[in-house]
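Tertiary structure, described
Here is what each chain is made of, one letter per residue.
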Amino acid sequence: MLESTATAWREVKTHATGPVGVLPLTAEMLLKEPSGNLFGLTQNAGMGWDPKRLLDPEFLILSTHGGLRAEDGRPIALGFHTGHWEVGLLVAEAARELKALHAVPFAGACTDPCDGRTQGTTGMMDSLPFRNDAAMVLRRLMRSLPTGKGVLGVATCDKGLPAMMMALASAGSLPTVLVPGGVTLLPEFGEDAGRVQTIGARFAQQQVTLEYAAEVGCRACASPGGGCQFLGTAATSQVVGEALGLSLPHSALAPSGQPIWLDTAKRSARALRRLEHLGMGTKDVLTPGALRNAIVLHAAFGGSTNLLIHLPAIAFSAGLKRPTIDEWAAANRETPRLVDALPNGPRGFATVQVFLAGGVPEVMLKLRAADLLDTTVHTVSGETLDACLDWWQDSERRHELRRRLRELDGIDPEDVIMGPDRARARGLTSTVCFPMGNLTPEGSVIKSTAIDPSLVDKNEVYRHRGPARVFVTEADAIHAIKSGRIGHGDVIVLICGGPKGAGMQEIYQVTSALKALPHCKHVAVLTDARFSGVSTGACVGHISPEALAGGPIGKVREGDQIEITVDRLNLVGSVELVGDAEHEFNLEEADRVLKGRTPRPDLKPHPGLPADTRLWAALVQASGGVWNGCVYDTDAIIAKLEKCP
């Protein structure tokens, strides 16, 4: 412990020869360049770069890489998740290509946590706040290479990828390209990474054996890298990044570690060089039209509701107007859902199968035919979206990959990505609805595609009325579910999970546990927290105001009668208090009752809420809150501080 081997201390040196060669300096550079630029050349030579190539243009590659791999790919130190485990290979591929294009690549990283790993733990209270911190670090790294001519961002998963997009969006006239880190493969036998997260609840309900749980749990992540196999937040963020034009066409959802995935990094490096030559900056790609396209693609894919937080944050970072609830709702009303992917169904194909069926550009072809896209916008390819879709329609890549899907899995690509008529005939309905009501006066969201179809009437309307089962911690709700204390028709009201209570935690542990109940489809969930993109069921989240901000959801009592209505065709809904344990109320009486009640006495932040997250919650509340993207609006924050005595 205390003494080194003899070799270690006998070989200590104080001087080294240094690099061979000379810096390519001129008298003008010595007289006019900032000292930092000159010292940068010295350090670049010290790190081993060829001195003759030191004046090549410099480009920064940022990533969310985590873990440490040996040369043969085996782990030396694990990452937090598979999503960032292999992205270092993309960084290396892009760097080699930039060097071949006579550029000097730099690489930096800000790794990210795993929402799956922190489900049901205090780590979840850092999840959403981390996104803002990571975006800030990534922006600082971008500015810390003042000689850089462009930025390549490589990211994959739930928080790292939105953070990367927020950072790139702020680049203005600087060209940037996003390289999505792709997805992991399905196991040949077993369960996908979404379903496998329910093994604890299923074991508690005696639906699986210990041996089965151990086996499927081992193999669910069938390949070592990439985001999960379902259209959760990670996959949806990749789709949205491409829809914004920040990624090259058909780069989202590529199978991690495979040649087609590495090829994306190489071509993205070329695209970055081309943008520099064309004088195209990020602001020329991220436009109001691109933002609208991203909302439309979110609806067509049936994406995660977490993007209702992330996309406004990306827009804010780009200096664009943030989309409102009304704009989201309008886009979802006019945009048909065209993709049959996990977890929405009806058949539920994996993300890599969606990629082989054509991914984002295939969906865009069908949306273009329906005149639902702005195809005049530019992408990071340097071309308009229209030109990109023309290429895709007749490309060998498209036809060969679709053939490959039939060959490998026996799946017709038209069953994965459909036209509007076929999708309608298969029962695909629009994605998100924003129920209002006396318990949700500032809004809420439900992924209406996740409601069990057997509970929806012939007019596509879901109705549920039942007694409130109120919980102020996720742990208490989980315990009630696993111990059989949640019954047919109950409405779980999980509060104190919003920004002030628990950092707006993601409560997939609750929704996944409900899946194990024989009557699970007859249980609804209301919460001021948020949901994982793989959640299913009648789950209403983002309820605003949150309980700890004085929202009426914090006045609900055990046994109160709650009525939930969701019209999946017209995308309107309501969440109303309609009675207590003894009496029914009309809406006027319910309003009077709620106004007369005081907040529940047991409302309080989670005892493990970190001080960092409390600060985040205060700052995002001052910046417009959840519906404005949970961002840091510096001007708004300063204005509020200056008003303080």
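Description of the structure in this document. What you are looking at is a predicted structure, and each value in this text was computed from that prediction instead of being measured.

1. Overview of the overall build of the protein
When its secondary structure is counted, the protein shows 26 helices and 14 strands. In summary, the protein has a C-alpha radius of gyration of 26 Å against a globular reference of 26 Å for 645 residues, a match within 12%. Taken across its 645 residues, the protein has 56% of its residues classed as buried. In the protein, of all internal contacts separated by at least 6 residues, the share reaching a separation of at least 24 is 75%. Working note: accessible area of the protein is about 27,100 Å², and carbon and sulfur atoms make up 55% of it.

2. Description of the packing of aromatic side chains
This model, assessed by the stated rule, comprises 2 aromatic pairs. Plain terms: the ring middles of phenylalanine 434 and tryptophan 627 are 6.2 Å apart, the flat faces sit at 70° to each other, and that makes the pair edge-to-face. Highlighted residues: phenylalanine 434 in the loop between strand E7 (432-433) and strand E8 (445-447) and tryptophan 627 in the loop between helix H25 (611-622) and helix H26 (634-643), separated in sequence by 193 residues. Both residues of the pair, phenylalanine 434 and tryptophan 627, belong to the buried class. Sitting over the face of the ring of tryptophan 49, lysine 99 holds its NZ or CZ atom 5.0 Å from the ring centroid.

3. Things to note about the pairing of strand E9 (residues 461-471)
Counting buried residues along E9, 8 of its 11 residues qualify, which places the element largely inside the surrounding structure. As judged from the 7 bridges shared by E9 and strand E13 (residues 561-567), these two strands associate in the antiparallel manner. Paired with tyrosine 462 across the strands is valine 566, a residue of E13. As paired elements, E9 and strand E10 (residues 491-494) share 4 bridges and run parallel to each other. In the strand pairing of E10, phenylalanine 471 is matched with leucine 494.

4. Some words on the pattern of salt bridges
The full count for this structure, using the stated rule, is 41 salt bridges. The closest approach of N and O atoms between aspartate 633 and arginine 322, which form a salt bridge, is 4.0 Å. Within this pair, whereas aspartate 633 is found in the loop between H25 and H26, its partner arginine 322 is found in the loop between helix H13 (307-317) and helix H14 (325-334), the two being separated by 311 residues in sequence. Each of the two residues, aspartate 633 as well as arginine 322, counts as buried. A salt bridge links glutamate 362 to arginine 402; its shortest N-O distance comes to 3.3 Å. With glutamate 362 in helix H16 (residues 359-369) and arginine 402 in helix H18 (residues 396-409), the pair connects residues that are 40 residues apart, well separated along the chain. Both residues of the pair, glutamate 362 and arginine 402, count as buried. It is possible to trace a salt-bridge network through shared partners that takes in Glu362, Lys366, Arg398, Arg402 and Glu414.

5. Some words on helix H12 (residues 288-301)
The terminal C-alpha atoms of H12 lie 20 Å apart, and with 14 residues this matches the ideal 20 Å at 1.5 Å per residue to within 8%. Where burial is concerned, most of H12 is hidden: 12 out of the 14 residues are buried. Of the residues making up H12, those classed as buried are Gly289, Ala290, Leu291, Asn293, Ala294, Ile295, Val296, Leu297, His298, Ala299, Ala300 and Phe301. Positive backbone phi, approximately 75°, marks glycine 302, located one or two places after H12.

6. Focus on unusual backbone geometry
Glycine 345 connects to proline 346 through a cis peptide bond whose omega is 20°. Structurally, proline 346 can be placed in the loop between H14 and helix H15 (351-356). Cis rather than trans, the peptide bond between serine 544 and proline 545 has omega equal to -5°. Structurally, proline 545 is set in the loop between strand E12 (539-541) and E13. Its identity as a non-glycine residue notwithstanding, histidine 250 has a phi of 60°, on the positive side. Residue class for histidine 250 comes out buried when judged on its relative accessible area of 1%. Backbone geometry places histidine 542, a non-glycine residue, at a positive phi of 60°. Along the chain, histidine 542 falls in the loop between E12 and E13. Residue classification places histidine 542 among the buried positions, given a relative accessible area of 1%.

7. Section: the sheet that holds strand E1 (residues 58-63)
Within the open sheet, the 4 strands sit side by side as E4-E1-E5-E6. Their pairing is parallel. Both edges of this open sheet fall to strand E4 (104-109) and strand E6 (176-180), since each of them pairs with a single strand only. Direction aside, neighbouring strands of the sheet carry axes that sit 20° apart on average. In this structure, strand E5 (residues 148-155) lies alongside E6, joined through 5 bridges in parallel fashion.

8. Structural notes on the sheet that holds strand E14 (residues 572-579)
One open sheet holds the 8 strands; their spatial order is E7-E8-E12-E11-E10-E9-E13-E14, and the pairing between them is mixed. What marks the edges here is a single partner per strand, and that holds for E7 and E14. Strand direction decides the pairing type here: E10 and strand E11 (residues 524-527), joined by 4 bridges, are parallel. Across the sheet, isoleucine 492 pairs through a bridge with valine 525, a residue of E11.

9. Some details on the side chain of threonine 176
Note that threonine 176 resides in strand E6. Exposure remark for threonine 176: the relative accessible area of 2% places this residue in the buried category. Polar side-chain contacts of threonine 176 include one of 2.8 Å to the side chain of threonine 282. Residues in contact with threonine 176, not counting those within four places in the same chain, are Val151, Leu168, Ala171, Leu246, Leu272, Leu275, Thr282 and Val380.

10. Considerations on helix H7 (residues 160-169)
Counting buried positions over the 10 residues of H7 gives 10, a clear majority of the element. When we look at burial in H7, the residues that qualify are Gly160, Leu161, Pro162, Ala163, Met164, Met165, Met166, Ala167, Leu168 and Ala169. Elements that come into contact with the buried residues of H7 comprise E1, helix H6 (127-143), E5, E6, helix H10 (233-243) and H13.

11. Re the nonpolar core
In this structure, Leu244, Leu297, Phe301, Leu311, Val363 and Leu367 are the most contacted members of the largest nonpolar core, which totals 106 residues. Ranked by the residues each element gives to this core, the list is headed by H7, at 8 residues. Contacts of phenylalanine 301, omitting those with residues within four sequence positions, involve Leu231, Val239, Arg337, Val339, Asn344, Val354, Gly359, Val360 and Val363. Judged by nonpolar contacts, the second largest core, of 31 residues, contains Ile543, Ile553, Leu577 and Leu603.

12. A look at the environment of valine 22
Positionally, valine 22 belongs in the loop between helix H1 (6-10) and helix H2 (27-32). Once the C-alpha coordinates of valine 22 and aspartate 50 are considered, the two residues, 28 residues apart in sequence, prove to be 9.6 Å apart.

13. Section: the packing of H12 against H14
Where H12 contacts H14, the axes come no closer than 9 Å and their chain directions differ by 55°. It follows that H12 is oblique to H14 by the angle criterion. Our pair here, H12 against H14, has a crossing hand that is right-handed. Residues Arg292, Ile295, His298 and Ala299 of H12 touch H14, and the partners they reach there are Glu327, Trp328, Ala331, Asn332 and Glu334. Considered class by class, the residues forming the contact of H12 with H14 number 4 nonpolar, 2 polar and 3 charged.

Analysis parameters
Residues numbered from 1 in each chain as written. Predicted model: local features only at pLDDT ≥ 70, side-chain atom pairs only at ≥ 80, totals over all residues. Heavy atoms only, no water. Helix = DSSP H or I, 4+ residues; strand = E, 2+ residues; numbered from the N terminus. Rg over C-alpha atoms; globule rule 2.2 N^0.38 Å. Buried < 20%, exposed > 50% of the residue type's maximum accessible area, 1.4 Å probe, protein only. Contact = heavy atoms within 4.5 Å. Areas by Shrake-Rupley, 256 points an atom, 1.4 Å probe, with all protein chains shown as cover. Phe/Tyr/Trp six-rings, centres within 6.5 Å; stacked < 30°, edge-to-face > 60°. Lys NZ or Arg CZ within 6 Å of the ring centre and 35° of its normal. Pairing = 2+ DSSP bridges. Salt bridge = Lys/Arg side-chain N within 4 Å of Asp/Glu carboxyl O. Expected span 1.5 Å × (residues − 1). Axes fitted to C-alpha atoms, helices over the stretch in contact; angles between N-to-C directions. Polar contact = N/O pair within 3.5 Å; in protein donor to acceptor, adjacent residues only side chain to side chain. Core = buried A, V, L, I, M, F, W, Y, C linked by side-chain atoms within 4.5 Å. Parallel < 35°, antiparallel > 145°, perpendicular 65-115°, else oblique. Left-handed = near helix turned anticlockwise from the far one by under 90°. Nonpolar A, V, L, I, M, F, W, Y, C, P; charged D, E, K, R; others polar.

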